[in-house]
Amino acid sequence: AVRSSRQQLALHLVLSPWLWGTLLTGLVYAAIPHLPVGKEFAERYFTAHPTEYALVALSLLGLSILCIKGITNRWEWQTFRQHPDFGISNPQAPIEERLRSLESTLEQVRQPGFPTYWSQRLTSLLSYLRHAGKSRQDHEQLTYLSDASADRLHAGYGLMNTIIWAIPIIGFLGTVLGITLAIANLTPDQLETALNDVTRDLALAFDTTAIALTSSLLLGFLSLFIKRSEERLLREIDAQTRLELQRCFPAEAADSPWLQAQQTAAAVLVDSTEEL
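Residues numbered from 1 in each chain as written. Predicted model: local features only at pLDDT ≥ 70, side-chain atom pairs only at ≥ 80, totals over all residues. Heavy atoms only, no water.

Colleague: Break down the overall build of the protein chain for me, with residues and values.
Modeller: Looking only at helices and strands, one finds 10 helices and 0 strands in the protein chain. Counted from the first residue to the last, the protein chain has its helices and strands arranged as α-α-α-α-α-α-α-α-α-α. Counting over 276 residues, the protein chain shows a buried share of 35%. Considering only contacts in the protein chain between residues 6 or more positions apart, those separated by 24 or more positions represent 77%. For the protein chain, the computed accessible surface area is about 17100 Å², with 62% contributed by carbon and sulfur atoms. (Helix = DSSP H or I, 4+ residues; strand = E, 2+ residues; numbered from the N terminus. Buried < 20%, exposed > 50% of the residue type's maximum accessible area, 1.4 Å probe, protein only. Contact = heavy atoms within 4.5 Å. Areas by Shrake-Rupley, 256 points an atom, 1.4 Å probe, with all protein chains shown as cover.)

Colleague: I'd like a rundown of the packing of aromatic side chains, residues and numbers included.
Modeller: Taken as a whole and judged by the stated rule, the model has 5 aromatic pairs. Consider the rings of Trp75 and Phe114, whose centres lie 5.6 Å apart with planes at 80°: the pair is edge-to-face. Taken together, the residues span a long stretch of sequence, with Trp75 in helix 4 (residues 50-82) and Phe114 in the loop between helix 5 (95-109) and helix 6 (117-132) at a distance of 39 residues. Residue class for Phe114 comes out buried when judged on its relative accessible area of 12%. (Phe/Tyr/Trp six-rings, centres within 6.5 Å; stacked < 30°, edge-to-face > 60°.)

Colleague: Go over the nonpolar core, please, and point to the residues and values.
Modeller: Generally speaking, soluble globular proteins have nonpolar side chains that are buried together. Ranked by size, the top nonpolar core spans 39 residues in total, and within it Phe86, Met160 and Phe249 carry the most contacts. At 9 residues, the largest contribution of residues to this core is made by helix 9 (residues 191-248). Not counting residues up to four positions away in its chain, the partners in contact with Phe86 are Ser101, Leu102, Thr105, Trp118, Leu122, Leu125, Thr241, Glu244, Leu245, Cys248 and Phe249. Tyr29, Ala42, Val56 and Leu60 belong to the second largest nonpolar core, which has 5 residues in total. (Core = buried A, V, L, I, M, F, W, Y, C linked by side-chain atoms within 4.5 Å.)

Colleague: Quick one: what's the story with a nonpolar patch on the surface, residue by residue and with numbers?
Modeller: On the surface, a cluster of nonpolar side chains totalling about 560 Å² of accessible area is made up of Leu9, Leu13, Val14, Leu19, Trp20 and Leu23. The set of elements that each furnish at least two residues to the nonpolar patch consists of helix 1 (2-14) and helix 2 (17-31). Among the secondary structure elements, Leu13 is positioned in helix 1. (Patch = residues over 30% accessible without salt bridge, like charges linked within 9 Å, V, L, I, M, F, W, Y side chains within 5 Å. Salt bridge = Lys/Arg side-chain N within 4 Å of Asp/Glu carboxyl O.)

Colleague: Which residues make up the packing of helix 5 against helix 6, and what values go with them?
Modeller: A pair of packed helices is captured by two measures, namely the crossing angle of their axes and the spacing between those axes. Contact geometry for helix 5 and helix 6: axes closest at 9 Å, N-to-C directions at 160°. The orientation of helix 5 with respect to helix 6, classified from their angle, is roughly antiparallel. Crossing handedness for the pair helix 5 and helix 6: left-handed. Contacts between helix 5 and helix 6 involve Leu99, Leu102, Glu103, Thr105, Leu106 and Val109 from the first element and Trp118, Ser119, Leu122, Thr123, Leu126, Leu129 and Arg130 from the second. Its residues assigned to classes, the contact of helix 5 with helix 6 comprises 8 nonpolar, 3 polar and 2 charged. (Axes fitted to C-alpha atoms, helices over the stretch in contact; angles between N-to-C directions. Parallel < 35°, antiparallel > 145°, perpendicular 65-115°, else oblique. Left-handed = near helix turned anticlockwise from the far one by under 90°. Nonpolar A, V, L, I, M, F, W, Y, C, P; charged D, E, K, R; others polar.)

Colleague: How would you explain the confidence of the model for the protein chain if you had to name every residue and give the values?
Modeller: Mean pLDDT over the protein chain works out to 85, with 87% of the residues at or above the 70 mark. Taken element by element, the protein chain is modelled with least confidence in helix 1, mean pLDDT 71, and with most confidence in helix 2, mean pLDDT 94. (pLDDT = per-residue confidence, 0-100.)

The following block contains the structure:
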């Protein structure tokens, strides 16, 4: 148990975007003074304005999130493709034997410290099949599990969406502050001599907006591509879950109270129609 806890802690640290974002930011600013080429360009767009430090840090944090999501998304696909079914070869076997086969498959796909979509789906289905008994409502359960996975996917992009939203705001804030300082330092007595300084300050102020818009666009498109891959994975999991549930655990028509009520109503309707 202690070893498993240490593995989970190590995995959480390795997959922490805050850790990698902080390390990347430190490496970038440590490398700028030693650049053989492009040093002036990097100093202008990374260090010339206070808000540029925040923009670089947020951009690298967002890039870390997307890189981690890309890696974990690949793990998700590998896990699903390695065991795309319930592992039940004989759907006519006793229910307990089929449940043990499903549990064995779950143990194979389960990743310590990293619950994949497929392992969570199998865990929920195993618990549902064990406790539902004869009062199964497969359609409602599958809809609930699909919605839960979609909510998890949406929640996983909460920080990323906040970063994409915040970067342009900070860029515009830097531009407004730069324009305000440039105008504040402009005096009528020194208009001719200070004009060059004012235009230089204004150019640096607009640099923050350029950096913010560029970073926001890049992060937005990268996030879109990775999110689409995750959504496609969830669609395949939903479809495979329905097929495997119907194949391995078909609902008994005689045990369903809803089906019995429908059959009774249909029989009454047929009798009434014949009498008419």
